[in-house]
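# Chain and residue survey
The residues making up each chain are set out below.
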6 protein chains.
Amino acid sequence: MRPTDQLRPIEITRHYLSGSPGSVLYRCGETVVLCTASVQEGVPPWMAGRGKGWVTAEYNMLPNSTAPRKPRERQGKVDGRTTEIQRLIGRSMRAVIDLEALGERSVTVDCDVLQADGGTRTAAITGGFIALVDAISAVMPGRVWATAGAQGHGESGGGPIRDSVAAVSVGVVDGISYLDLDYALDHRAEVDMNVVMTGGGRFVEIQGCGEEATFDQEQLHALLGLAGQGIRALTERQCGALASAPN
Amino acid sequence: MRPTDQLRPIEITRHYLSGSPGSVLYRCGETVVLCTASVQEGVPPWMAGRGKGWVTAEYNMLPNSTAPRKPRERQGKVDGRTTEIQRLIGRSMRAVIDLEALGERSVTVDCDVLQADGGTRTAAITGGFIALVDAISAVMPGRVWATAGAQGHGESGGGPIRDSVAAVSVGVVDGISYLDLDYALDHRAEVDMNVVMTGGGRFVEIQGCGEEATFDQEQLHALLGLAGQGIRALTERQCGALASAPN
Amino acid sequence: MRPTDQLRPIEITRHYLSGSPGSVLYRCGETVVLCTASVQEGVPPWMAGRGKGWVTAEYNMLPNSTAPRKPRERQGKVDGRTTEIQRLIGRSMRAVIDLEALGERSVTVDCDVLQADGGTRTAAITGGFIALVDAISAVMPGRVWATAGAQGHGESGGGPIRDSVAAVSVGVVDGISYLDLDYALDHRAEVDMNVVMTGGGRFVEIQGCGEEATFDQEQLHALLGLAGQGIRALTERQCGALASAPN
Amino acid sequence: MRPTDQLRPIEITRHYLSGSPGSVLYRCGETVVLCTASVQEGVPPWMAGRGKGWVTAEYNMLPNSTAPRKPRERQGKVDGRTTEIQRLIGRSMRAVIDLEALGERSVTVDCDVLQADGGTRTAAITGGFIALVDAISAVMPGRVWATAGAQGHGESGGGPIRDSVAAVSVGVVDGISYLDLDYALDHRAEVDMNVVMTGGGRFVEIQGCGEEATFDQEQLHALLGLAGQGIRALTERQCGALASAPN
Amino acid sequence: MRPTDQLRPIEITRHYLSGSPGSVLYRCGETVVLCTASVQEGVPPWMAGRGKGWVTAEYNMLPNSTAPRKPRERQGKVDGRTTEIQRLIGRSMRAVIDLEALGERSVTVDCDVLQADGGTRTAAITGGFIALVDAISAVMPGRVWATAGAQGHGESGGGPIRDSVAAVSVGVVDGISYLDLDYALDHRAEVDMNVVMTGGGRFVEIQGCGEEATFDQEQLHALLGLAGQGIRALTERQCGALASAPN
Amino acid sequence: MRPTDQLRPIEITRHYLSGSPGSVLYRCGETVVLCTASVQEGVPPWMAGRGKGWVTAEYNMLPNSTAPRKPRERQGKVDGRTTEIQRLIGRSMRAVIDLEALGERSVTVDCDVLQADGGTRTAAITGGFIALVDAISAVMPGRVWATAGAQGHGESGGGPIRDSVAAVSVGVVDGISYLDLDYALDHRAEVDMNVVMTGGGRFVEIQGCGEEATFDQEQLHALLGLAGQGIRALTERQCGALASAPN
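Being a predicted model, the structure only gives us computed values, none of them experimental. (Residues numbered from 1 in each chain as written. Chains lettered and ligands numbered in written order. Predicted model: local features only at pLDDT ≥ 70, side-chain atom pairs only at ≥ 80, totals over all residues. Heavy atoms only, no water.)

### A word on the overall build of chain A
For chain A, the helix and strand inventory stands at five helices and nine strands. Going from the N terminus to the C terminus, chain A shows its helices and strands as β-β-β-β-α-α-β-α-β-β-α-β-β-α. Computed over its C-alpha atoms, the radius of gyration of chain A comes to 18 Å, within 12% of the 18 Å expected for a compact globule of 247 residues. Each principal axis of the C-alpha atoms in chain A carries an extent, and together these give about 50 × 45 × 35 Å. Taking all 247 residues of chain A together, 58% fall into the buried category. Look at the contacts in chain A between residues 6 or more apart in sequence, and 68% of them connect residues 24 or more apart. Summed over all atoms, the accessible surface of chain A reaches about 9,100 Å², with 51% contributed by carbon and sulfur. Taken together, the 23 basic and 29 acidic charged side chains of chain A have centroids lying 6 Å from each other. (Helix = DSSP H or I, 4+ residues; strand = E, 2+ residues; numbered from the N terminus. Rg over C-alpha atoms; globule rule 2.2 N^0.38 Å. Buried < 20%, exposed > 50% of the residue type's maximum accessible area, 1.4 Å probe, protein only. Contact = heavy atoms within 4.5 Å. Areas by Shrake-Rupley, 256 points an atom, 1.4 Å probe, with all protein chains shown as cover. Lys, Arg positive; Asp, Glu negative; His and termini not counted. Charge placed at Lys NZ, Arg CZ, Asp CG, Glu CD.)

### Looking at the environment of Arg232(A)
Residue and element names in this part refer to chain A. Mapped onto the elements of the fold, arginine 232 is located in helix H5 (residues 217–243). Residue classification places arginine 232 among the exposed positions, given a relative accessible area of 57%. Sequence spacing of arginine 232 and threonine 198 is 34 residues, and the spatial spacing of their C-alpha atoms is 9.1 Å.

### Some remarks on the sheet that holds strand E7 (residues 176–179) of chain D
Taken in spatial order, the eight strands line up as E7(C)-E6(C)-E8(C)-E9(C)-E9(D)-E8(D)-E6(D)-E7(D) in an open sheet, and their pairing is antiparallel. Each having just a single partner strand, strand E7 (176–179) of chain C together with E7 of chain D make up the two edges of the open sheet. Strand-to-strand twist across the sheet, computed as the mean angle between neighbouring axes with direction ignored, equals 15°. Sitting on the sheet, helix H1 (residues 80–95) of chain D is in contact with strand E9 (203–209) of chain C together with strand E6 (165–173), strand E8 (191–198) and strand E9 (203–209) of chain D, with an inclination near 155° to E9(D). (Pairing = 2+ DSSP bridges. Axes fitted to C-alpha atoms, helices over the stretch in contact; angles between N-to-C directions.)

### Remarks on the interface of chain D and chain C
Facing 35 residues of chain D, the contacting portion of chain C comprises 35 residues. With both sides pooled, the region where chain D packs onto chain C buries about 3,000 Å², and carbon together with sulfur makes up 50% of that total. Note that Arg202(C) and Asp216(D) form a salt bridge whose closest N and O atoms lie 3.9 Å from each other. Across the contact surface, chain D and chain C share ten residue pairs in polar contact (both at pLDDT 80 or more). Of all the elements in the fold, those that place two or more residues in the side of chain D that touches chain C are H1, E9 and helix H5 (217–243) of chain D. If one sorts the elements of the side of chain D that touches chain C by residue count, H1(D) sits on top with eight residues. For the side of chain D that touches chain C, the per-class residue count stands at eleven nonpolar, eleven polar and 13 charged. The sheet contact formed by E9(C) and E9(D) spans five bridges and is antiparallel. (Buried area = accessible area lost by both parts, 1.4 Å probe. Salt bridge = Lys/Arg side-chain N within 4 Å of Asp/Glu carboxyl O. Polar contact = N/O pair within 3.5 Å; in protein donor to acceptor, adjacent residues only side chain to side chain. Nonpolar A, V, L, I, M, F, W, Y, C, P; charged D, E, K, R; others polar.)

### Structural notes on the packing of helix H3 (residues 120–139) of chain C against helix H5 (residues 217–243) of chain C
Residues and elements named next belong to chain C. Remark: H3 packs on H5, axes separated minimally by 11 Å, with the N-to-C direction vectors making an angle of 30°. Our classification of the angle between H3 and H5 gives roughly parallel. Like other packed secondary-structure pairs, H3 and H5 cross with a definite hand, here right-handed. Each of Thr126, Phe129, Ile130, Val133 and Asp134 in H3 lies in contact with H5, whose residues at this interface are Leu234, Gln238, Ala241 and Leu242. Of the residues belonging to the contact of H3 with H5, the class tally is six nonpolar, two polar and one charged. (Parallel < 35°, antiparallel > 145°, perpendicular 65-115°, else oblique. Left-handed = near helix turned anticlockwise from the far one by under 90°.)

### Thoughts on the interface of chain E and chain D
Contacts between the two partners involve 33 residues from chain E, matched on the other side by 33 residues from chain D. Between chain E and chain D, roughly 2,600 Å² of surface is buried when both sides are summed, and carbon and sulfur atoms account for 39% of that area. It is Asn64(E), Arg72(E) and Arg74(E) in chain E that bury the most area against chain D; as a group they hold 27% of the surface buried on that side. Linking chain E with chain D are ten salt bridges. In this assembly, chain E and chain D are joined by 25 residue pairs in polar contact (both at pLDDT 80 or more). Ranked by the residues each element gives to the side of chain E that touches chain D, the list is headed by strand E5 (residues 105–115) of chain E, at six residues.

### With respect to the relation of the copies chain E and chain D
Superposing chain E onto chain D takes a rotation of 180° plus a shift of 0.0 Å along the axis, which leaves an RMSD of 0.0 Å. With respect to symmetry, the two chain copies, as superposed, fit the operation of a two-fold axis. Of all interface residues in chain E, 100% are interface residues in chain D too; the two copies therefore contact each other through one and the same surface. (Least-squares fit on C-alpha atoms with pLDDT ≥ 70 in both.)

### As for the sheet that holds strand E1 (residues 10–13) of chain B
Residues and elements named next belong to chain B. The five strands are arranged E1-E2-E3-E5-E4 in an open sheet whose pairing can be described as mixed. Of all strands in the sheet, those bounded by a partner on one side alone are E1 and strand E4 (54–61). Averaged over all adjacent pairs, the angle separating strand axes in this sheet is 15°, with direction ignored. As judged from the seven bridges shared by strand E2 (residues 22–28) and strand E3 (residues 31–41), these two strands associate in the antiparallel manner. Each bridged residue has a counterpart across the sheet, and for tyrosine 26 the counterpart in E3 is valine 33. Each of E1, E2, E3, E4 and strand E5 (105–115) is contacted by helix H3 (residues 120–139), which is oriented at about 35° to E3, the strand it contacts most.

### Some points on the relation of the copies chain D and chain C
Superposing chain D onto chain C takes a rotation of 180° combined with a translation of 0.0 Å along the rotation axis, leaving an RMSD of 0.0 Å. By residue overlap, the copies meet face to face through one surface: 100% of the interface positions of chain D are interface positions in chain C.

Below, the structure is given as structure tokens:
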């Protein structure tokens, strides 16, 4: 059995689709998410002329990513959970992007869950960031990172990406704090918290809630501690993947 | 100018509509929310037969609650922000409700924003809780609170409400931490956090995020401290309002 | 008991919301409608360039304005009754407006029913007119009325508002004609008629119908007589309210 | 040129579609409406068990009934005008139907406008009534009319249809009152009124409105006089058509 | 009984609606389709500036075209069958049109089924073509056909219509091949094929399918033979109709 | 360059998702489709009690399966092409299924296109069939095939699957007939035909069309010949994949 403070095994496949430069197949245990980022020149009309770009995200579960099969969201009503998650992913990406350095470009990070076993939104953020780097890299080669020499690629700096971003879930199950909840744990959790942090260790987002339960100061600190530890490990995996081939 | 650690003036009018026992007009500065809770016998089919009730919430901004006028959400697409907020209000109410003690009843807490000046979701939670108490009181007289003698009304206990719940926003503006952000502050905030807590001082929900920004451990602690202080003041106001007339 | 030819008590609160110059809380017995008018520079594309403005209305019942709770119209289908009512309100406002004198401005009169006890559409027209005057007054100060010296304010004339407009319901219940039907009467009425008239005593709209019933010439005349009497009283109340503070 | 108090030529073809007993092609000048009534055993769930039936109507303009072509109402939004008209047709039919004598049956009167030249809603009512009689006749042979010997067919009485119903438009154009407005007149009318009456001369519905105009008592009386005269002529045409072949 | 290789009786009424030059009432046995083609100057934005026109089609069944009554497609969801059929009609029309010779014009062919007894889509194509010719003729008089002297009208040629197009269904019922299936046959067919061909004998479209069944090479050839024979007869009827009055 | 009568390279990965027994990743050149079949006990209400099952399909392109990114079909309008394709896949599956032998079970075959380079619908059918076999195998082990000894697995027969089914596209480009069109060919094709056939060589469906073009008898025969050849090769690949591990 996995220790309570250890991540599930991670597997990152960059360039998964030959036609999409920013396409990453991200596996975390049995959770599988296809993250593809695409860049379009120009921004929505309400942003035009300000010299700034925009990054947004979409999240979707394929019908057979869970059992029993989940109907597609085609009826014109995207459910509340989906909306919340794709807004979270979008904010997380924007937290590490310098929209002015991006220029008037629109990036969409699509996160399609092929198989769900808990932690799909955090997998989407962690994998989506890699797809984002690869997609921006394809249109702004050599100018991806904000800092010179970033990622060991001899980058000249001034690019739109200021830091990496990753996310992990933590929670309390039967009074014990756990890192990286799979579905079986998540289902039984009294408290459930998603934490998004930068590679530099700053918080981007904390969303903690107790459905039909509450939590105290002490539990909050324990959970934040576990999350920080998980994020550090994920950041290392992201760096490793991005270093594995020149962009 | 209001000190950074002080709430805006609160005004609570119970029984605002003669036809709705649980109807509260809640003002917090220039923010005005009409909270009405209604109880229906029975639960949705998927919950029937378990002897448990359900509490849900809806949130809506009237078109002229902001300037310029905001179109109504009638096109079959409730926007993401609305969805997030009404899910948050619902979870907050359920965190203090014993659904079994409620019995097979469905409660809807409707929060209609008449005027918006920041903090509408936290006003909706704080005011909505009072409407919830009044609405349950109308159908379960004398059996509202879970604890005997609660609220000084000589309650016999065993009722569905286990504790009060209130919410407040905190944030960082120009590097300074603020309690209870109005629109002008919220608009400029680097970090924005909504905190929901029980009267007993336990966390129900923490939603903190830095849109195009991040925050560190120290800032997090300062914000949580301010929030706790604000919640304590709000809890006192809720108790005062509920004590003002017998239910 | 109220005489059959007498209106319910009316209460008009102007400037109900601090952020909306044209916001009126209108009470007629237990019916409560929040009427807010907002002015936007410019007109829809199909009207542009003709130097004329446009006035339109929206009508909505809050979920707890009736018991049992009425679901919100969020599914993309606004029901037929709502559509009919908001078209009626819009036509009634336009009947007293000189659209050319208004200039290329769009006015929306939002009528949100907080509590419904019969006569909500007529309350919306009577109260909405006051909100309309106040909203136009805020953008065209001193040039609201078409006639010089109108409303005793030393108006110079040439403004867009040609006359006041008010509405009342009349009906036949158990063979007797009634003025201003509340819900209990309306529910039992064989014939139901809404009459919209100007302050000058001209008809704007007559909508009379017998659901599963019919009516004859004589009944029609009796009802129109009662309606005229009611409109005269409402016109006086409108004038009084508008005179109560300079615009 | 047609006199101001004369109807356009009427042409009524019963049994227009071989597969629908209640199918009437109704022409009034260049206005052509296909009215088909269909009867279904049973009523909606909310009416079941009361021994009463229900009659409803749908109205639709075919895309090329007007020039330029009018898009179909397929986007999930039936426009306000359509809604108003189909509600009017439904109420008009129900005004002459004894729903208890109909028994637990649902009748839908579909009015599809093949060509529109003004007066489509009144044509739909006048023609729809004949389709209604034929459709009810097909399922309740010999028991259509409420009165014995009705329509000269040796009816035994006790049927659901209590009287005939017809409708006509009247209006004021350039200060002159007109009967039965075609599109050219309607377009220029200051006041427009639709009147629905029974064969027995009682009012079912009066809908009069002045778009951006108003009207006085005297004009109202002149219009109602013209309408009564038109209805009498239409009633004769309906009787003639229904007498033309045994049902 | 009709021989297996013979069409049902066809009846073509051109100029059925006085206000639409291209309006054809097409009857094939008990199937009745109103085909109206309308021409609009200009093309959709994505086609503009290329000097080419566009032809599209819409298909709709009136509610009482079948028994029991079929609800209208007003809920924002046009069903799959409708979509397939209107795409088929559009492609069939475009196959015989020279879009450059049409110029920047948009033609819509509306096919409204008044009564359905099998073969509505093929009737829509065969009748729709005649409406198309008449509609184009109204805006491009004397320049309809691509070939000089076409249709015996002394045409000068260079027009947009290159050939006629017609369609017919064929199928296998109880192992026997049939031409022109009515509803009773269609319902029992193991194999069902719709064939669209030009007057010149070339295929435009073949759609053959065996619902819960399959077919072999030999059956395919027999069906195509029958279809060719049917199309030749239909082409003659189309030519006859178009020759009946000068365009 | 690939010969005109040769398929692109095929790659079939069964059991692609650990949680879905019937999940196949199907690659045909650069086209990648994830086909997952899921079985649910029971059938829709309108089919219940007849002892028969049902098979249906859904088709979807992921946003980045094409460049530029294609928006998701979430607005309540599934486009016509999608509808046509998923109906085609469903009919193709049902053509080889004995719905009575399936029993009252519902199978959904979901085809999600990860990358599109032409031929996605035929890939969906060919790959979807394998997913269908695996999914049925998981709930009816040893009773999948209708014929004893089928697939060399010592099957006892009596199962629901009567034959295999595969599909391929053929077309005419610059006057030359091609097998298995990729996007570049498809885009330029004058005639485009999709052919669905069983492993036994019988037709299930032929959909041939010439967009703005037509084809003759001879071309039809050439295309059907190429298609038959392609189907035989695909059938072999399907058998090989299904034989690769016991079900």
